[in-house]
Amino acid sequence: MKKSNHLHFPTTYEKVLERVNAIDPIKYAKTRNYINGQITYLSPYVSRGVISTKQVMDKIIEKQYPYPAIEKIIQELAWREYFQRVWQFKGSQIWEDLKQDQQKVVHHTMLEAIQQAQTGIESIDLAIHGLYEIGYMHNHSRMYIASIACNIGKAYWLTPSKWMYYHLLDGDIASNNCSWQWVSGVFSSKQYFCNQENINKYTFSKQQNTFLDKPYEQLINMDIPNALRDTTKLDLKTNLPTSNTPNIDTEIPTLIYNSYNLDPYWRKDENVNRVLLLEPSHFNQYPVSDKVIQFIIDLSKNIEGIQIFVGEIEEIKKLYKTDNLWDDQKIISKEHPAFTYYLGIKDQRDWMFPEVTGYYPSFFSFWKKAERSFRKLLK
Ligand SMILES: Cc1cc2nc3c(=O)[nH]c(=O)nc-3n(C[C@H](O)[C@H](O)[C@H](O)COP(=O)(O)OP(=O)(O)OC[C@H]3O[C@@H](n4cnc5c(N)ncnc54)[C@H](O)[C@@H]3O)c2cc1C
C-alpha cells in the first residue's frame, strides 16, 4: 500500500509564523473538505499553545479581506474556541456523554481493523498510516474514522478517541472528545454517516464494493460488517524522558509551561525561571505517543532559558518553601482546563471572543454570539 505523503510539522517559531502568514482564506473555504485542500496545518501549534486562535484571526483581519471571504476560516477557528469553552464549563464531564447516551453501542473496546490500518477502505487505511507516521490526519478522515468506529463498528466513542488522541500532534482533549461525541450522536442531534461515494469524492479514490459502498438508508441500519468485528483492548503508555530537579532561583517567579502552553512570547521580557513541566500524573491519565512528546520538547526550544522537568507541580511548589510558608504567588501558569489544580497565578489565554464565555448547547448558538463580536472587530 502507498504510504503517507510529504506533510511535516516544523517546530521553529519562524516556520510556524510563515504558516500563519501563508493562509489563503478564499482557497481555504473552497477546498478545505478535500484531502489535498488548502488547509492551514496549524492545529498542532494552536493545540500546543505556541500560537493562539486570536493571533491567527488577527493576521487574517490585518489583510483586509471582505467578510464573506474570511467567514469560513474564522468559523473553523471558532470551533476550537467553542470546544475549549465547553471543557472549561463542563470540566471532567467532558469524558462523559454530553447531551445524550450513544445509541446501539455493542462494545467499549478498540476496533482491530482501525488500529492495524486494515479496514479495507484504501483512503482510510492510508490516513491511519499517516497518523502513525506524521501524527496528523485531515478533518474529514477523522470524521470518517470516528463514524466507522462508532456508528458502523458500534464501539463506544471513548476508547477509539483515546487511540486517536494518543497519536495526534495536535491532540486537544476538548476538540477530540467533543468531535468524537459529535460524530457518534452524543453531542449532536444525530449520528454522522459517510459512505464510499463520499469518501471517494473527497479523497479522490475510486473504490467500490466495500462495506461502505451502500446508500445511507442501508448504512444506518446495517449490522457490524465482518471487517470490523474483531476488537482489542488498548494499552497506551507515555514514555517520558528523565530529568533533574530544575535549577530555580526562588527569589524570582517560575513560569510553568506544559503540553498545552508553549508560547515563546509569554511574559517574554520578565526576569523569571521557565520550566516545561511534564507531569507523569497528567500523561498517565492522557497518554500520548513518543512522537508527540518529542514534538512538545522540540517546540519548547523556542522558549529562551527553558528547563525541562519531568515531575509534578507540587515539587516546584516545595522549592518555594521558606520558614514553613509557601510562596504560591511565585508560580505562574496560563489558565487551562487540563491544569485547574495548578496553584499560584493564572494568566488568561488569548481568546478570539473573550466576551463569549460559558456553555452553549451547540456550536451555532455559540457562533451566533461570536459572529456579532467578530463583525465589530472588522469595523
Ligand atoms: C474525530 C475528530 C477528532 C478531532 N480531534 C482533534 C484534536 O485532538 N485536536 C485538534 O486540534 N483538532 C481535532 N479535531 C478537529 C480538526 O480535525 C482539526 O483541528 C483539523 O483537522 C486540524 O487541521 P488544520 O489545522 O489544517 O485545520 P484547518 O482546517 O486549517 O483549520 C484551522 C484551525 O481551525 C481549528 N479547527 C478547524 N476545524 C476544527 C474542528 N472541527 N474542531 C476544532 N477546531 C477546528 C483548528 O484550530 C485549526 O488549526 C478533530 C476532529 C474530529 C472529527
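Keep in mind it's a predicted model, so treat the numbers as computed, not measured. Note on numbering: residues in each chain are counted from 1, in written sequence order. In keeping with the predicted nature of the model, local features appear solely for residues at pLDDT of at least 70, side-chain atom pairs appear and are counted solely at 80 or more, and the whole-chain, interface and lining totals rest on all residues.

Caption draft 1: Local environment of unusual backbone geometry. Positive phi values are uncommon outside glycine, yet glutamine 64 reaches one of about 55 degrees. Numbering of helices and strands starts at the N terminus; helices are DSSP runs of H or I of at least 4 residues and strands are runs of E of at least 2. By the secondary structure assignment, glutamine 64 is in the loop between helix H4 (53-62) and helix H5 (67-90). Despite not being glycine, alanine 117 has its phi angle at roughly 55 degrees, a positive value. Secondary-structure assignment places alanine 117 in the loop between helix H6 (112-115) and helix H7 (122-134). Exposed residues have 12 or fewer other C-beta atoms within 10 Å of their own C-beta, buried residues have 20 or more, and partly exposed residues fall in between, where C-beta atoms are placed from the backbone. The exposure class assigned to alanine 117 is partly exposed, which follows from the 17 C-beta atoms found within 10 Å.

Caption draft 2: Representation of the packing of H4 against H5 in the model. Packing of H4 against H5 brings their axes to within 10 Å, and their N-to-C directions diverge by 170 degrees. By the criterion of interaxial angle, the relationship of H4 to H5 is roughly antiparallel. Residues Thr53, Val56, Met57 and Ile60 of H4 pack against Ile70, Ile73, Ile74, Leu77, Arg80 and Glu81 of H5. Each residue gets one of three labels, nonpolar for Ala, Val, Leu, Ile, Met, Phe, Trp, Tyr, Cys and Pro, charged for Asp, Glu, Lys and Arg, and polar for the others, Gly among them. Of the residues contributing to the contact of H4 with H5, the split by class is seven nonpolar, one polar and two charged. Each axis is a line fitted through C-alpha atoms, taken for helices only over the stretch in contact, and angles between the N-to-C directions span 0 to 180 degrees. Orientation is classified from the angle alone, with under 35 degrees giving roughly parallel, over 145 giving roughly antiparallel, 65 to 115 giving roughly perpendicular, and any other angle giving oblique. Note that contacts rest on C-beta atoms placed from the backbone: two residues are in contact if these are within 7 Å.

Caption draft 3: Region of interest: the site of the ligand. Around the ligand lies a shell of 28 residues, among which Thr40, Ser43, Asn139, Asn176 and Ser179 are the nearest. For the shell around the ligand, the secondary-structure elements that each account for two or more residues are helix H3 (43-47), H5, helix H8 (139-152), helix H9 (158-167) and helix H10 (173-183). Tallied by class, the residues present in the shell around the ligand amount to 14 nonpolar, eight polar and six charged. Domains are outlined according to an automatic or database domain assignment. Looking at the shell around the ligand, you find at least three residues from each of domain 1 (13-94 + 357-378) and domain 2 (110-232). Nearness is defined per residue: the C-beta atom, placed using the backbone, must lie within 6 Å of the molecule or strand.

Caption draft 4: Just the sheet that holds strand S8 (residues 331-334), in detail. Two strands form a pair only when DSSP identifies at least two bridges running between them. Pairing is parallel across the open sheet formed by five strands, whose spatial order is S5-S4-S3-S8-S9. The open sheet is flanked by strand S5 (306-310) and strand S9 (345-347), the only strands paired with a single partner. For this sheet the average axis-to-axis angle between neighbouring strands, irrespective of direction, equals 30 degrees. As paired strands, strand S3 (residues 254-257) and S8 are joined by two bridges and run parallel to one another. Considered in S8, the bridge of threonine 254 is made with isoleucine 331.

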